[in-house]
Each structure stands twice: as structure tokens, then as C-alpha cells.
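# A structural walkthrough
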Amino acid sequence: MEKVLHVQALTKQYRNGRGVEDVCFDVYKGDVYGLFGPNGAGKTTVLKVITGLCIADKGTVQLFGHRIRDQFETAMERVSAVIETAIAYDYMSGAENLRLVSRFYPDLPKGRIDEVLEQVGLTSYQYEKVSQYSLGMKQRLALAASLLSHPRLLIWDEPTNGLDIEGMVEVRRLIQRLAREQEITFLISSHMIHEMEQICNRVGFIYKGKLFRQGNLKELLNDHQTLEQIYLNEIQGIKEGNPDASYLRQSVE
Ligand SMILES: Nc1ncnc2c1ncn2[C@@H]1O[C@H](COP(=O)(O)OP(=O)(O)OP(=O)(O)O)[C@@H](O)[C@H]1O
């Protein structure tokens with residue numbers, strides 16, 4: 001199986017002492033990999049380091065076999081990211097926003113904007129100003145922008161954040177469809193565990209800057225009914241001093 005992303009011993013500490021420590025995980029072609037953790041756990045920091053938005057203190061990140069540290073452009077060639085979004089200009093239409101983004105990619109074939117609008121279901125709203133879009137439509141526009149360059153790996157921080165139930169379901173279906181039909185590998189983050197359970201085939205749990213458990217969703221659910229149960233058990237173990245989790249205890253209040 002092709003390894004799309006390799007993260008090894010990644011550590012990033014901010015000046016206030018917070019951040020992430022010794023994070024290791026791999027994402028394989030075809031995965032919808034979910035990084036799950038509560039607010040402030042370190043998900044965005046991990047995604048930012050992977051995409052070069054911030055620099056790690058230690059560790060290795062490889063995308064498609066290329067290290068971001070010294071081969072950044074080649075590593076990022078087939079990667080798109082939606083992190084801390086709101087890229088769209090409100091006073092322009094959806095299509096105009098995409099035309100603006102498309103200037104970053106001089107080799108885009110004609111008609112690519114129409115294609116991505118179609119893929120995210122915004123074709124009939126493309127001439128409306130973004131100020132009239134719902135949050136879900138803005139999310140889909142951000143996704144359309146990130147699809148323009150034909151990414152093979154799409155990194156998306158909190159794809160359903162702030163959406164209502166219908167919006168969440170839409171985004172969820174969209175991710176699953178793109179993964180299936182366009183063979184795009186996804187790395188997403190969320191603090192909503194049920195969400196992860198429905199979208200992802202592999203998940204990693206992150207808590208207080210450490211990725212303490214990960215695996216194939218089906219295998220994880222062999223012994224437990226829900227991911228929530230696994231997560232709560234592990235956190236309880238960490239707090240009570242479960243020897244298996246001793247490496248984490250020092251960082252838990
Ligand atoms: N630029 C920064 N300077 C200092 N501390 C930061 C900075 N960015 C994040 N942090 C801290 O690092 C920790 C991890 O933050 P991060 O944003 O990665 O978490 P998260 O899991 O994405 O949370 P959320 O779901 O709330 O976005 C938090 O304690 C946060 O306060």
C-alpha cells in the first residue's frame with residue numbers, strides 16, 4: 001500500500017510551552033484518516049506542520065516520500081489543505097473566487113472551475129455573491145478551491161465545524177464520494193467523535209499534544225461499541241495512572 005504521509009516523532013512547542021510532542025502516524029493511499037481530539041489537543045498544530053504553515057522543532061514529515069524540510073515544493077505538489085479557512089471574498093461570487101484562486105495554477109485546463117463546482121454541488125449557485133452563501137456552502141467553496149489543482153491528498157481541518165446537521169451530512173457524503181470516485185486520500189481533524197466514526201476508515205486520538213492511540217476503525221471497534229468508549233477509557237486510564245499510558249501521565253493535569 002502506498003504511503004502518502006509519514007509523520008515521525010513530530011514535536012512542536014510554542015513559546016507558552018504548549019503544542020504537540022512525539023507524534024507518529026502514517027496515512028496510506030485511499031485512507032480517510034481522522035485526527036480526533038478535544039479543543040486545544042494539538043490537531044491544527046499537526047496539520048500546520050505537515051503543510052509547512054509552521055515549522056517543527058523535531059521530527060520528520062514525508063509527503064509521497066519527500067521530506068518537507070528539504071524538498072518542500074515536490075512534497076506539496078499533490079497536496080491541498082483547508083486550514084483555518086475563510087479564504088472567500090464575500091463581495092465576489094463563488095465562481096469569481098475560484099477564478100482568483102486558479103491564477104495560482106497557470107496550467108489548469110479550461111473548464112476545471114466548472115468541474116470542481118459540479119463536484120461540490122455549487123454549479124447553480126456559482127454566480128451568487130458569497131455573502132449570500134450559508135456556512136455549508138462556504139465550506140464547499142473552500143473545498144472546491146482546494147480541488148482545483150487535482151490533489152491526491154487533501155488535508156482538511158475541522159471540515160464540519162459550525163455546520164448544522166444537514167450541512168454535516170453533505171460534507172461527510174462529499175468527502176466519501178471524492179475519496180471513492182476521485183481516489184483522493186483525506187486527512188481530516190475533528191473534535192466530534194461520532195463524525196469520525198462515520199467518515200473515517202482510520203483514526204488517531206490526540207490528547208494534550210500526544211497521539212496516544214490509533215488504528216483501523218473496524219479493528220478498534222472489535223472490542224468496543226463506539227470510538228467514544230475507547231477514547232473515554234483511555235483518558236480515564238491516563239488520569240488514573242494506567243501503566244500502559246504512563247508516558248502520557250506527566251502531561252495530564
Ligand atoms: N500560535 C500559538 N501560540 C501559542 N500557543 C498556541 C498557538 N497555536 C496553538 N497554541 C496552543 O497549542 C495547543 C494546541 O492547539 P491546536 O490549535 O493545535 O489544537 P486543536 O486540537 O486544533 O484545537 P481546536 O479544536 O480548538 O482548534 C493549545 O493549547 C493552543 O492553545
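These remarks concern the structure in this document.

About the cut-offs
Residues numbered from 1 in each chain as written. Predicted model: local features only at pLDDT ≥ 70, side-chain atom pairs only at ≥ 80, totals over all residues. Helix = DSSP H or I, 4+ residues; strand = E, 2+ residues; numbered from the N terminus. Buried ≥ 20, exposed ≤ 12 C-beta atoms within 10 Å, placed from the backbone. Contact = placed C-beta atoms within 7 Å. Core = buried A, V, L, I, M, F, W, Y, C linked by C-beta atoms within 7 Å. Near = placed C-beta within 6 Å. Nonpolar A, V, L, I, M, F, W, Y, C, P; charged D, E, K, R; others polar. Pairing = 2+ DSSP bridges. Axes fitted to C-alpha atoms, helices over the stretch in contact; angles between N-to-C directions. Right-handed = clockwise from strand over helix to strand, strands pointing away. Parallel < 35°, antiparallel > 145°, perpendicular 65-115°, else oblique. Left-handed = near helix turned anticlockwise from the far one by under 90°.

## A short note on the overall build of the protein
The secondary structure content of the protein amounts to 10 helices and 10 strands. When the backbone C-alpha atoms are referred to their principal axes, the protein occupies close to 60 × 40 × 40 Å. In the protein, which comprises 253 residues, the proportion classed as buried is 40%. Of the contacts made within the protein by residues no fewer than 6 positions apart, 68% connect residues no fewer than 24 positions apart.

## Focus: the nonpolar core
Generally speaking, soluble globular proteins have nonpolar side chains that are buried together. Among the nonpolar cores identified, the biggest contains 64 residues, and Ala144, Ile155 and Phe186 are the most heavily contacted of them. The contacts of Ile155, once residues within four sequence positions are left out, are Leu47, Ile50, Thr51, Val79, Ala81 and Leu187.

## Quick look at the site of the ligand
Surveying the vicinity of the ligand reveals 13 residues, the closest of which are Tyr14, Asn39, Lys43, Thr44 and Thr45. Top contributing element to the shell around the ligand by residue count: helix 1 (residues 43-50), with three residues. Taken together, the residues of the shell around the ligand sort by class into two nonpolar, nine polar and two charged.

## Observations concerning the sheet that holds strand 5 (residues 66-67)
Pairing is antiparallel in the open sheet, where four strands are placed in the order 2-1-4-5. Because the sheet does not close on itself, it has two edges, and the strands there are strand 2 (19-28) and strand 5. Sheet analysis places strand 1 (residues 3-13) next to strand 2, joined by seven bridges and oriented antiparallel. Residue pairing for strand 2: Leu5 is matched across the bridge by Val27. Seen against the sheet, helix 1 touches strand 1, strand 2 and strand 4 (58-63) and runs at an angle of roughly 115 degrees to strand 1.

## Some thoughts on the sheet that holds strand 9 (residues 202-207)
Across the sheet, six strands lie side by side as 6-7-8-3-9-10; this open sheet has mixed pairing. The sheet terminates laterally at strand 6 (79-82) and strand 10 (210-216), the two strands that pair on one side only. If you compare each strand with its neighbour and ignore which way they point, the axes differ by 15 degrees on average. Of the strand pairs in this sheet, strand 3 (residues 32-36) and strand 8 (residues 185-190) are connected by five bridges, and their pairing is parallel. What sits directly across from Leu35, in strand 8, is Ser189. The sheet contacts of helix 9 (residues 227-240) involve strand 9 and strand 10, and relative to strand 9 the element is tilted by about 35 degrees.

## What about the pairing of strand 7 (residues 153-157)?
The two faces of the sheet receive side chains in turn, since in a regular strand these alternate between them. In terms of burial, strand 7 is a largely internal element, five of the five residues being buried. Burial along strand 7 is two-sided: the residues Leu153, Ile155 and Asp157 and Leu154 and Trp156 are all buried. Sheet topology places strand 6 next to strand 7; four bridges connect them, and they run parallel. The residue of strand 7 that forms the bridge with Val79 is Leu153. Here five bridges tie strand 7 to strand 8, and the two strands are oriented parallel to one another. Its bridge partner being in strand 8, Leu154 is matched across the sheet by Phe186. Each parallel crossover has a hand, and the one from strand 7 via helix 6 (residues 165-181) to strand 8 is right-handed.

## Structural notes on the packing of helix 5 (residues 135-147) against helix 6
At their nearest, the axes of helix 5 and helix 6 sit 9 Å apart, and the two run at 20 degrees to each other. Relative to helix 6, the element helix 5 is oriented roughly parallel. The two elements helix 5 and helix 6 cross, and the hand of that crossing is right-handed. Within the contact between the two elements, helix 5 uses Leu135, Gly136, Gln139 and Leu143 and helix 6 uses Gly167, Glu170, Val171 and Leu174. For the contact of helix 5 with helix 6, the class distribution of residues is four nonpolar, three polar and one charged.

## A look at the pairing of strand 4
As paired elements, strand 1 and strand 4 share five bridges and run antiparallel to each other. The residue of strand 4 that forms the bridge with Gln8 is Thr60. Examined bridge by bridge, strand 4 and strand 5 share two bridges and lie antiparallel to one another. Looking at the pairing, Leu63 lines up with His66 of strand 5. Hairpin remark: strand 4 followed by strand 5, antiparallel, with two residues in the connecting loop; positive phi at Phe64, about 50 degrees.

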